[in-house]
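Listed here are the chains, written in short residue letters.
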Amino acid sequence: MGNFIDKTLDDPTYWRSIILFGRNVASYKFALARSLVEVVRNNDDLVRLDDLAEPFARHICQHIKDAPVQATSKSSRFLEACQNFNDGHIDATQLRDTTVRLGFNNVIDAFHVVNGDDVPTRFFLDERKTNGGIRLTTAAFNLLNENMVGTLDSEVQSRWRLVETAWELNMNRNLISVKHDTDSHTLFVDKENHRINVTSARDALNGYQKGHCFFCFAPISLTQIALQPDVDHFFPHVLGSYDHKTNYDGVWNLTLSCRDCNRGENGKFAKLPSLKLLERLNTRNEFLITSHHPLRETLIQQTGRSPADRIRYLQRQFDNAKSILIHEWEPEQLGPERF
Ligand SMILES: [Zn+2]
């Protein structure tokens, strides 16, 4: 059957994707993560907002001292309260009450969302309406055990520091990217993230796809404006922010896609194409190599000398991408399978 196997994801991966991936508009997610690390030690699964408020606000207050900018929006009444506490204008009880009222408005809902959807594992349940707090799950207790908790907490802390650095320098999120070095397990900032112009690949790729979208087989055309395809990164370009070693602009990773697949209502965006589509990408690359296509040497240089090397290469890319992007994508197929 197929050459590829689906990657099994585990709870530490989901937790890391929550911390590492996603658009941060405020540092609340980091504060909540660090608070979870603390309250899990109490061994009570129900954590009332009164009790969650203390560590949550304390972490924000500590960070505000070093980095005043903790959100991309201009004003937040909760952040103002934290500043007022630091300045001695309100006491701990007032800070706690404000935190309960305002501090958790979005972060409890948004905590588990990665790349537009919830991760499959929940580390807490929202029981604010029924029990006035959140309920930690078995997954949280299992994950945040003595062996893991130190590592995970320092990862949250370093990610938080990097994000506030970006805000402090007033840099565009697209220009400053936090990368995860999978060998050394460190995070770092790379300011030289740039995108290579890939439109010149159109002609070369259309020869193989013969006027059909790589993903759904809908008709595409290089000459008719309405049917003009997008040059699509099979493994989404955003992965370059997390993995600095891979050339995602390489031909091995480029396909021609109809606009619906690339950016339509149910389009791919930053989701990961399914294994079936990965198989199709491998078949395409192998075809270009064995047919002595002009791109042959480029493809070999980018992905490996033998067919087995190239399968291993794509499998590694898939594993890495899935652990970051989590969600797979496959469009409805329009018309017969063509390649
Ligand atoms: Zn399509």
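Residues numbered from 1 in each chain as written. Predicted model: local features only at pLDDT ≥ 70, side-chain atom pairs only at ≥ 80, totals over all residues. Heavy atoms only, no water.

As for the coordination of the zinc ion
We apply this condition: In this analysis a donor is any N, O or S atom within 2.8 Å of a metal ion (3.2 Å for sodium, potassium and calcium), and since water is not included, sites may seem incomplete. Burial status follows relative accessibility: with a 1.4 Å probe on protein chains alone, a residue under 20% of its type maximum counts as buried, one over 50% as exposed, and anything between as partly exposed.
Protein coordination of the zinc ion is provided by Cys213 (SG), Cys216 (SG), Cys258 (SG) and Cys261 (SG), with donor distances spanning 2.3 Å. When the donors of the zinc ion are listed by position in the chain, the intervening gaps give C-x2-C-x41-C-x2-C. With a relative accessible area of 0%, Cys213 lands in the buried category.

A word on the nonpolar core
We count it as follows: Only buried Ala, Val, Leu, Ile, Met, Phe, Trp, Tyr and Cys residues count toward a nonpolar core, and they belong to the same one when joined by side-chain atoms within 4.5 Å. Domain start and end points were adopted from an automatic or database domain assignment. The contact criterion used throughout is that any non-hydrogen atoms of two residues lie within 4.5 Å.
Within the largest apolar cluster, 94 residues are counted, with the highest numbers of intra-cluster contacts made by Trp15, Leu32, Leu36, Leu144 and Phe235. Both domains that furnish three or more residues to this core are identified here as domain 1 (11-143) and domain 2 (158-329). Filtering out sequence-adjacent residues up to four positions away, Leu36 remains in contact with Trp15, Phe111, Phe124, Ile134, Leu136 and Leu144.

Things to note about the pattern of salt bridges
Put simply, the rule reads: By convention in these notes, a salt bridge is any Lys or Arg side-chain nitrogen within 4 Å of a carboxyl oxygen on Asp or Glu. Think of it this way: any DSSP run of H or I at least four residues long counts as a helix, any run of E at least two long counts as a strand, and we number them from the N terminus.
Counted by the stated rule, this structure contains 19 salt bridges. In this structure, Arg128 and Asp109 form a salt bridge, with 3.2 Å as the shortest nitrogen-oxygen distance. Residue Arg128 is located in helix H7 (residues 128-131), and its partner Asp109 is located in helix H6 (residues 107-110); the two are separated by 19 residues in the primary sequence. Note on Asp109: relative accessible area 48%, which makes it partly exposed. Sharing partners across several salt bridges, the network here consists of Asp6, Lys322 and Glu328.

Quick look at unusual backbone geometry
Unlike most non-glycine residues, Asn43 shows phi in positive territory, near 65°. Among the secondary structure elements, Asn43 is positioned in the loop between helix H2 (28-39) and strand S1 (46-48). A positive phi angle is found at Asn115, which is not glycine, with a value near 55°. Structurally, the position occupied by Asn115 is in the loop between strand S2 (113-114) and strand S3 (117-118). When its relative accessible area of 17% is taken as the criterion, Asn115 is described as buried.

Here we look at the packing of helix H3 (residues 49-66) against helix H5 (residues 92-103)
The line we're drawing: Fitted lines through C-alpha atoms give the axes, limited to the stretch in contact for helices. The angle between two N-to-C directions lies from 0 to 180 degrees. Any angle that is under 35 degrees is reported as roughly parallel, and any over 145 degrees as roughly antiparallel; angles of 65 to 115 degrees are reported as roughly perpendicular and all others as oblique. Any residue outside Ala, Val, Leu, Ile, Met, Phe, Trp, Tyr, Cys, Pro, Asp, Glu, Lys and Arg is labelled polar, Gly included; the first ten of those are nonpolar and the last four are charged.
At a minimum axis distance of 9 Å, the contact between H3 and H5 shows a crossing angle of 100°. Classed by the angle they form, the pair H3 and H5 counts as roughly perpendicular. Between H3 and H5, the residues in contact are Leu49, Asp50, Ala53, Phe56, Ala57 and Cys61 and Leu95, Arg96, Thr99, Val100 and Gly103, respectively. Considered class by class, the residues forming the contact of H3 with H5 number seven nonpolar, two polar and two charged.

Side note on the sheet that holds strand S4 (residues 124-127)
Heads up, the rule is: Whether two strands pair comes down to DSSP finding at least two bridges between them.
If you trace the three strands from one edge of the open sheet to the other, you get S1-S5-S4, paired in antiparallel fashion. The sheet terminates laterally at S1 and S4, the two strands that pair on one side only. Between one strand axis and the next, the sheet turns through 25° on average, direction left out of account. When S4 meets strand S5 (residues 133-136), the two strands line up antiparallel, connected through four bridges. From the neighbouring strand, Asp126 faces S5, where its bridge partner is Ile134. Sheet contacts for H2: S1, S4 and S5; angle to S5, the most-contacted strand, approximately 60°.

So, the side chain of His327
Position of His327 among the secondary structure elements: in the loop between helix H14 (307-325) and strand S11 (328-329). Judged by its relative accessible area of 13%, His327 is buried. Setting aside residues no more than four positions away along its own chain, His327 makes contact with Val114, Asn115, Asp117, Asp118, Lys271 and Leu272.

Looking at H5
Applicable threshold: Expected helix span is taken as 1.5 Å per residue step, with the number of steps being one fewer than the number of residues. We define a polar contact as two N or O atoms separated by no more than 3.5 Å, with the added condition that, inside protein, one atom must be a possible hydrogen donor and the other a possible acceptor, whereas residues neighbouring each other in sequence contribute only through side-chain atom pairs.
With 12 residues, H5 ought to run about 16 Å at 1.5 Å a step, yet its terminal C-alpha atoms sit only 14 Å apart, falling short of that. Tucked inside the fold, the buried residues of H5 contact H2, H3, helix H4 (77-86) and H6. Of the residues flanking the start of H5, the one acting as N-cap is Asp91, its side-chain oxygen 3.2 Å from the backbone nitrogen of Thr93.

Considerations on the side chain of His63
By secondary structure assignment, the location of His63 is in helix H3. Within polar-contact distance, the side chain of His63 engages the side chain of Trp160 at 3.4 Å. Not counting residues up to four positions away in its chain, the partners in contact with His63 are Arg34, Gln70, Gln157, Trp160, Arg161 and Glu164.

A short note on the confidence of the model for the protein chain
To keep it simple, the criterion reads: Every residue gets a pLDDT, meaning the predictor's confidence in that residue, from 0 to 100.
Confidence in the prediction of the protein chain, expressed as mean pLDDT, is 85, and 86% of residues score 70 or more. In this model, residues 172-197 is a region of pLDDT below 50 whose contacts with residues beyond four sequence positions or in other chains number 52 contacts.

Topic: the packing of aromatic side chains
The condition is simple: Ring geometry is summarised as follows: Phe, Tyr and Trp rings, the Trp one being its six-membered ring, pair when their centres sit within 6.5 Å, and such pairs are stacked at plane angles under 30 degrees, edge-to-face over 60 and tilted between the two.
On inspection of all chains with the given rule, the structure shows 20 aromatic pairs. Consider the rings of Phe56 and Phe104, whose centres lie 4.7 Å apart with planes at 40°: the pair is tilted. In this pair, Phe56 is assigned in helix H3 and Phe104 in the loop between H5 and H6, connecting sequence segments 48 residues apart. Residue class for Phe56 comes out buried when judged on its relative accessible area of 0%. Taking relative accessible area as the criterion, Phe104 reaches 2% and is therefore assigned buried. Each ring, one from Phe215 and one from Trp329, has its centre 5.3 Å from the other, and the planes form 80°; the classification is edge-to-face. Residue Phe215 is found in the loop between helix H10 (202-209) and strand S8 (230-233), and its partner Trp329 is found in strand S11; the two are separated by 114 residues along the sequence. You can call Trp329 buried: its relative accessible area is 7%. Through pairs of rings, three or more aromatic residues link up here, namely Tyr208, Phe214, Phe215, Phe217, Phe234, Phe235, Tyr248, Trp252, Phe287, Tyr313, Trp329 and Phe339.

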